[in-house]
Amino acid sequence: MSVHEIYLNPDEAYAPHSLGYPDLQALMEDRYAHKVSGGLTILRRSLDARGSGVRAVIRFASSSSLEAKNVQGLPFRSQILGPNAPELHIVGAGPAGIFAALRCLEYGWRPIILERGQAVRERRRDVALLSREGHLNPDSNYCFGEGGAGTFSDGKLYTRSTKRGDIDTVLRLLIELGAPNEIAFEAHPHIGTNKLPGLIQKARQWIEAAGGYFHFGSRVEDLDLDKSCIKALLMHDGTRIPLNYMMLCTGHSSRDVYEMLDRCGLSLEPKALAMGVRVEHPQELVNRWRYRLRGETPQHWPVASYSVVEQVAGKGVYSFCMCPGGVIAPCSTHSSEVVTNGWSPSRRNNVTANSGWVTEICLADVPLDKARPAFSLLNFQQNIERRAAEMGGGQQWAPAQNLQHFVYPYDSKVKAMDSQSLGICSYRPGITPTLLNSLYPVEIQGRLSTGLHQWAKRWPGLLSPEAVVTGPESRTSSPIRIPRLDDSLHHPQCVNLFPVGEGAGYAGGIMSAILDARRSVDALIQQATQGGSSSL
Ligand SMILES: Cc1cc2nc3c(=O)[nH]c(=O)nc-3n(C[C@H](O)[C@H](O)[C@H](O)COP(=O)(O)OP(=O)(O)OC[C@H]3O[C@@H](n4cnc5c(N)ncnc54)[C@H](O)[C@@H]3O)c2cc1C
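Each chain has its residues counted from 1, following the order in which its sequence is written. With the structure being a predicted model, the display of local features is reserved for residues of pLDDT at least 70 and the display and counting of side-chain atom pairs for 80 or more, all residues being used for whole-chain, interface and lining totals.

## Notes on the overall build of the protein chain
1) Next: The numbering of helices and of strands both runs from the N terminus, where a helix is a DSSP run of H or I of at least 4 residues and a strand a run of E of at least 2. What the protein chain contains, in helices and strands, is twelve helices and 22 strands.
2) Next: In terms of C-alpha radius of gyration, the protein chain reaches 24 Å, essentially the compact-globule figure of 24 Å for 536 residues.
3) Next: For the protein chain, the spread of C-alpha atoms along the three principal axes comes to 70 × 65 × 40 Å.
4) Next: Residues classed as buried in the protein chain amount to 48% of the 536 residues present. Radius of gyration here is computed from C-alpha atoms only, and the compact-globule reference equals 2.2 Å multiplied by the residue count raised to the power 0.38. As a rule, residues whose C-beta atom has 12 or fewer other C-beta atoms within 10 Å are exposed, those with 20 or more are buried, and those in between are partly exposed; C-beta atoms are placed from the backbone.

And the structure:
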């Protein structure tokens, strides 16, 4: 296999005519087809901003040698399910739940999805009302509803997993569902908030057409357990749903699910997570820093992003879920709590860039819940979110502060900023200027601000008067792990309960939640068909 790498001017590699996969493909074939035999496949497009100039790097090979990267791929194959198809009850229609359902279809199993929130169309209205008026529907919001927390996200598809084959399979599925072809070769693929809902609706069409079921507005509230086996789900309206196998894909925001499992006597474990704040800058400032520009960003260059890690007192402090050209969103699930996160549309064309700035919080950082140690980190997280809501003043308003003042509160030259002098902040419903640097305990705040101080040595513009910090960024992953056995992947005390995805503590992000779901379905069906837990 021969792989080639060439450098292009970013203008050329990202200009509107080559934003679409076919155009870039045509340009590459025109110039480089003579270098390969059997056609040309683009493997990767990235930007290299190191060294003296910014350049686009395109890696390509002969298509015949690289079947796996072929964006046409194999079409998704499922069968129309017969009346006796075995059933899997999936709780939660986030990325994990939806892709678990698609995987079931490939095996001829019938997925039955129970989702507390609403379908995308209704959910969109709830989210708009939340942003406009601060009215939060506890079952239909940025975290809950069809597509889960992934629906109105940035749709970044990065993962630390190195299982390239599995990742490529998921990328191909996403392309079939309507994601742009470029995700197959971008170094940092993303889909965008405007496109994700369409993909999710199409996945539902596939699942329903094959004979699977979706039930929206269906909150699971209790389990009917018999020894080491779940017999039925008890729903919010009193309905009882008998089942054989259950996959719990409820995400990291469903605190009532952890309470339910604890009530049922099923073990849980505390899990470290990262928490902090969200910083926001004019996008143009970020472009200037990353591309070392003096003037404006050339028209066709992609908006710049960053990924920063600092070490403070032996702990990592780092940027998280950076959204170039994006917006900060209200991502709480309770009216007395405030949570921030970010998204951006596919073109990333908003004027601001935001990112979480977080540090790892482990058991030693928080008060221990002696009665229920597994809930210690969750309690801490919840208290921070409640305090933030009080500081914000209600109706989902978030506390905010000038970033300089957040880092150097005692510097007499840095004055506390009032609402008039805060830079642009994209967070709706609104922000309340306040001392956000008093939200976290001193030790954690110290890490956050020292990390920013260190970062500012490399990027002085970080602490520009236009930079705003808001928060908290408190739901980066789950504060609890639902244990499962290594091979069988079911809960150690319950043979037909499979905890999956981010809420169970086995994923952090869309791609890893999907990969975990597919792996879990494989394990479940293998056991069921080989008689492992088929005695149910
Ligand atoms: C604004 C925002 C931006 C993000 N951006 C990115 C990004 O760019 N890239 C990335 O990789 N990740 C991003 N994330 C994180 C990503 O969305 C999650 O990692 C991912 O959605 C986790 O998938 P999941 O299926 O495990 O859980 P979730 O997506 O949280 O889905 C869980 C589902 O379960 C349902 N549920 C919960 N409890 C019950 C119950 N009792 N009964 C029935 N249903 C229930 C919920 O309503 C929800 O739909 C973002 C998140 C947010 C909020």
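Here the narrative resumes.
## A closer look at the packing of helix α3 (residues 95–107) against helix α12 (residues 510–530)
A packed helix pair is summarised by two numbers, namely the angle formed by the two axes and the spacing between the axes.
1) Next: Following both chains from N to C, one finds α3 and α12 inclined at 40°, their axes separated by 8 Å at the closest point. Between α3 and α12 lies a crossing whose hand is right-handed. Of the residues in α12, those in contact with P95, A96, F99, A100, R103, C104 and Y107 of α3 are I510, A513, I514, D516, A517, R518, S520, V521 and I525. Comment: axis = line fitted to C-alpha atoms, over the contacting stretch for helices; angle = value between 0 and 180 degrees taken between N-to-C directions. Handedness of a crossing follows from how the near helix is turned relative to the far one, being left-handed for an anticlockwise turn of less than a right angle and right-handed for a clockwise one. Remark: residues whose backbone-derived C-beta atoms lie within 7 Å of one another are considered to be in contact.

## Description of the site of the ligand
1) Next: Using a C-beta atom placed from the backbone, a residue is described as near a molecule or strand when that atom lies within 6 Å of it. Neighbouring residues of the ligand: 43 residues in total, closest G92, G94, G148, G251 and G501.
2) Next: At the level of elements, α3, β16 (340–343) and α12 are the ones that each hand at least two residues to the shell around the ligand.
3) Next: Only Asp, Glu, Lys and Arg are considered charged, only Ala, Val, Leu, Ile, Met, Phe, Trp, Tyr, Cys and Pro nonpolar, and every remaining residue, Gly among them, polar. When grouped by side-chain class, the residues that make up the shell around the ligand number 21 nonpolar, 16 polar and six charged.

## Observations regarding the sheet that holds strand β2 (residues 40–48)
1) Next: At least two bridges found by DSSP between two strands is the condition for calling them paired. An order of β1-β3-β2 is seen for the three strands of this open sheet, with the pairing classed as antiparallel. Because the sheet does not close on itself, it has two edges, and the strands there are β1 (3–8) and β2. Each adjacent strand pair in this sheet contributes to an overall mean axis angle of 20°, direction not counted.
2) Next: Relative to strand β3 (residues 55–62), β2 runs antiparallel, the two being bridged by eight bridges. What sits directly across from I42, in β3, is F60.
3) Next: Packing of helix α2 (residues 21–32) onto the sheet brings it into contact with β1, β2 and β3, and relative to β2 it is tilted by some 105°.

## Quick word on the domain arrangement of the protein chain
1) Next: Per the annotation, domain bounds derive from an automatic or database assignment of domains. Entries for the protein chain in the domain assignment read domain 1 (3–69), domain 2 (87–267 + 482–530) and domain 3 (272–473).
2) Next: Of the residues lining the interface, eight residues belong to domain 1; the matching set on domain 2 comes to eight residues.
3) Next: No other element matches β2, which puts five residues into the side of domain 1 that touches domain 2.
4) Next: When grouped by side-chain class, the residues that make up the side of domain 1 that touches domain 2 number four nonpolar, one polar and three charged.

## Notes on the sheet that holds strand β22 (residues 497–499)
1) Next: On the basis of which strands lie adjacent, the open sheet formed by five strands has the order β6-β5-β4-β10-β22 and parallel pairing. Of all strands in the sheet, those bounded by a partner on one side alone are β6 (213–215) and β22. Direction aside, neighbouring strands of the sheet carry axes that sit 20° apart on average.
2) Next: Sheet topology note: the strand β4 (residues 87–91)/strand β10 (residues 246–248) ladder contains three bridges and is parallel. Paired with V91 across the bridge in β10 is L248.

## What about unusual backbone geometry?
1) Next: In this chain, R428 is followed by P429 through a cis amide linkage whose omega measures 20°.
2) Next: In this fold, P429 is placed in the loop between α10 (403–407) and β19 (431–433).
3) Next: Omega for the bond connecting G471 with P472 falls within 30 degrees of zero, at 5°, which places this linkage in the cis form.
4) Next: You will see that Q396, though not glycine, has its phi angle at about 65°, which is positive.
5) Next: Within the secondary structure layout, Q396 lies in the loop between α9 (376–392) and β18 (398–402).

## Details of the pairing of β4
1) Next: Burial of β4 is extensive: four of the five residues sit out of reach of the surface.
2) Next: Sheet topology note: the β4/strand β5 (residues 110–114) ladder contains five bridges and is parallel. Each residue of the ladder has a partner; that of E87, found in β5, is R110.
3) Next: The parallel pair β4 and β5 is bridged by α3, and the resulting crossover is right-handed. A clockwise path from the first strand over the helix to the second, with the strands pointing away from the viewer, defines a right-handed crossover.

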